[in-house]
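# Architecture at a glance
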Amino acid sequence: MAEWKELSSKAKNLTLAGIGKARDLGESAKLSLDNVSEEENKKRIYAEIGKRFVAAHPEAPEGYAELYAQLEQADAKISANKARISELKDED
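Cut-offs used in this document
- Residues numbered from 1 in each chain as written.
- Predicted model: local features only at pLDDT ≥ 70, side-chain atom pairs only at ≥ 80, totals over all residues.
- Heavy atoms only, no water.
- Salt bridge = Lys/Arg side-chain N within 4 Å of Asp/Glu carboxyl O.
- Helix = DSSP H or I, 4+ residues; strand = E, 2+ residues; numbered from the N terminus.
- 1 Å grid on protein atoms, 1.4 Å probe; cavity = no way out; pocket = protein on both sides within 12 Å on 5 of 7 lines; lining within 4 Å.
- Points joined across faces, edges and corners; volume = space filled by probe spheres on them.
- Nonpolar A, V, L, I, M, F, W, Y, C, P; charged D, E, K, R; others polar.

### Comments concerning the pattern of salt bridges
- Per the counting criterion, the structure on display carries five salt bridges.
- The shortest N-O distance in the salt bridge between lysine 30 and aspartate 34 comes to 2.9 Å. Taken together, the residues span about one helical turn, with lysine 30 and aspartate 34 both in helix H1 (residues 2-56) at a distance of four residues.
- Here lysine 43 makes a salt bridge to glutamate 40, at a shortest N to O gap of 3.4 Å. With lysine 43 and glutamate 40 both in helix H1 and three residues apart, the pair spans about one turn of that helix.

Dropping the structure here:
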């Protein structure tokens, strides 16, 4: 009988350990998702900082000329795409 009690005790301990690990994995997954969310939040904040910086400094400060040029290229491409979309709508 003592062997059954010992075996039962070991099984119970293993089950409790498994439950603890599952809880830890669940918490780890939640924390990872929270971090992803916060990283996205940081990207949004950085984008807003960038928009405000460019609005406050319409001429490229030293060291920013290449980035300003990239913004201008992106704006030009967006404008061209919008114009083409408008043409396509007018064709219908």
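Don't stop here, the text continues.
### Side note on the layout of surface pockets
- Looking at the largest pocket, its volume works out to about 270 Å³.
- In terms of lining residues, the largest pocket is bounded by Ile49, Gly50, Lys51, Phe53, Val54, Pro58, Tyr64, Leu67, Tyr68, Leu71, Glu72 and Asp75.
- Among the elements of the structure, H1 and helix H2 (65-91) are those that each provide at least two residues to the lining of the largest pocket.
- The class makeup of the residues in the lining of the largest pocket is eight nonpolar, one polar and three charged.

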